[in-house]
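So the chains spell out like this:
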Number of protein chains: 2
Amino acid sequence: MSAQPTTPLSSTPRSSLGRLAERGRTDRADLYDVLDAGIVCHLGIVLDGAPVVLPTGYGRVDDTLYLHGSTGASTLRAAATGMPVCVTVTHVDGVVYARSVFHFSMNYRSAVVHGTARLVTDDQERLDGLHALVENLAPGSWAHARQPNRKELAATTVLALDLAEASVKVRTGPPGDDDADIADPAYWAGVLPVRTVFGEAEPAPDLIPGTPATPDHVTAR
Amino acid sequence: MSAQPTTPLSSTPRSSLGRLAERGRTDRADLYDVLDAGIVCHLGIVLDGAPVVLPTGYGRVDDTLYLHGSTGASTLRAAATGMPVCVTVTHVDGVVYARSVFHFSMNYRSAVVHGTARLVTDDQERLDGLHALVENLAPGSWAHARQPNRKELAATTVLALDLAEASVKVRTGPPGDDDADIADPAYWAGVLPVRTVFGEAEPAPDLIPGTPATPDHVTAR
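As the structure is a computational prediction, the values presented were derived from the model and not from experiment. (Residues numbered from 1 in each chain as written. Chains lettered and ligands numbered in written order. Predicted model: local features only at pLDDT ≥ 70, side-chain atom pairs only at ≥ 80, totals over all residues. Heavy atoms only, no water.)

(A) View of the pairing of strand 6 (residues 84-97) of chain A. Residues and elements named next belong to chain A. Burial analysis of strand 6 places 12 of its 14 residues in the buried class, the great majority of the element. Looking at chain direction, strand 2 (residues 41-47) and strand 6 are connected through three bridges and run antiparallel. Pairing of Gly44 across the sheet is with Cys86, part of strand 6. With 12 bridges joining them, strand 6 and strand 7 (residues 105-116) adopt antiparallel strand pairing. (Buried < 20%, exposed > 50% of the residue type's maximum accessible area, 1.4 Å probe, protein only. Helix = DSSP H or I, 4+ residues; strand = E, 2+ residues; numbered from the N terminus. Pairing = 2+ DSSP bridges.)

Written as structure tokens, this is what we have:
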């Protein structure tokens with residue numbers, strides 16, 4: 001176990017990688033890539049001394065990650081009180097079949113962000129955060145949908161998390177079997193790629209006559 | 001916000017759904033379905049008072065979830081000391097395009113398990129747990145790979161988590177726009193399905209002559 005040297009992404013012990021530090025990426029662009037390629041993160045908070053991990057959407061503007069939720073959501077309310085949070089985004093890229101059970105693995109990209117969420121109160125930043133959230137989930141959609149009204153904005157909590165303390169880990173390539181196993185032709189080994197794909201758009205059943213056809217920003221995705 | 005009645009899956013306040021309780025599933029079979037359909041979970045633990053959320057593999061045997069990792073992994077070591085953990089598995093099934101920004105959403109299935117991980121020390125249960133982990137990641141593979149030796153087993157931490165306290169949440173179907181928006185043909189609405197698919201197997205570049213061809217349990221996946 002070797003500690004990772006201080007880098008632009010890893011300035012604290014918890015964001016420095018312990019095991020398999022060779023999988024660590026230290027370029028801020030790698031963090032952006034992993035975050036921008038995903039649509040769901042896992043938000044961790046501590047409630048009554050126990051961890052709670054929930055999936056939720058997010059959006060990024062420069063070095064700020066935005067989360068949102070109903071003002072009625074207890075986890076969001078808790079995260080808004082200045083307690084530490086952890087946001088993790090993971091992409092599974094492949095199943096790694098090894099010759100030995102011990103070396104089965106996954107190819108993946110993951111980003112782990114530590115910090116303290118800030119409740120966004122400025123109206124313009126709230127809109128900017130929601131814009132980033134919608135555009136991350138459904139690129140091109142913000143301009144093609146009704147904008148939020150005062151009541152909807154009042155019902156929405158927007159949180160901001162600085163991308164100051166983060167780590168990125170990536171595994172690629174074939175299995176890392178032991179030499180003795182590689183020399184033995186008994187077992188097949190390789191990688192089965194895993195991809196996330198979009199299917200064909202399903203228009204809402206209650207679209208009324210005169211509604212535009214499925215727009216390009218949906219069909220081209 | 002209405003509390004969910006006690007059910008086979010939700011026996012505590014934290015595993016009872018608050019908001020959008022209509023998305024909750026209370027059948028144990030739904031929990032199994034969500035868990036068995038995934039290959040990566042997000043494990044949450046509390047370290048120095050802050051949440052840490054990391055992606056990792058898992059396997060299920062009846063009502064026990066198994067996790068594993070290197071004996072050198074600090075998070076696994078911490079989780080093995082009897083502290084509370086949270087394990088969440090999420091599948092994104094679709095992007096929900098609404099007429100209004102406010103109603104954009106995701107179709108998804110998620111399972112959240114709360115509990116205290118138990119360090120597995122019994123040799124047979126350790127093997128059973130690793131078997132479940134490998135078979136969940138790569139079905140059919142355990143019998144097609146070299147079994148773990150004493151040294152590999154000694155380097156592996158296996159944790160067990162009872163599926164006693166869990167919640168399952170599922171969203172399906174079209175957007176839930178307001179009536180006034182549905183009556184307005186200005187904006188398209190619908191669902192873009194999201195699927196996880198396997199690509200074509202990539203044999204390891206260092207397979208030696210005489211190695212079997214890519215086996216059926218890989219190609220048929």
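(B) Examining the packing of aromatic side chains more closely. According to the stated counting rule, one finds four aromatic pairs over all chains in the structure shown. Arranged with centres 6.0 Å apart and planes meeting at 65 degrees, the rings of Tyr97 of chain B and Trp188 of chain B form a pair that is edge-to-face. One end of the pair, Tyr97 of chain B, is in strand 6 (residues 84-97); the other, Trp188 of chain B, is in the loop between helix 5 (179-182) and strand 11 (190-198), and 91 residues separate them in sequence. For Tyr97 of chain B, a relative accessible area of 2% gives the class buried. By the ring-pair criterion, three or more aromatic residues cluster together here, those being Tyr97, Phe104 and Trp188 of chain A. Over the aromatic face of Tyr32 of chain A sits the side chain of Arg60 of chain A, whose NZ or CZ is 3.9 Å from the ring centroid. (Phe/Tyr/Trp six-rings, centres within 6.5 Å; stacked < 30°, edge-to-face > 60°. Lys NZ or Arg CZ within 6 Å of the ring centre and 35° of its normal.)

(C) Expanded view of unusual backbone geometry. Residues and elements named next belong to chain A. Its identity as a non-glycine residue notwithstanding, Asp48 has a phi of 55 degrees, on the positive side. The residue Asp48 is located in the loop between strand 2 and strand 3 (50-56) in this model. The exposure class of Asp48 is exposed, given its relative accessible area of 85%.

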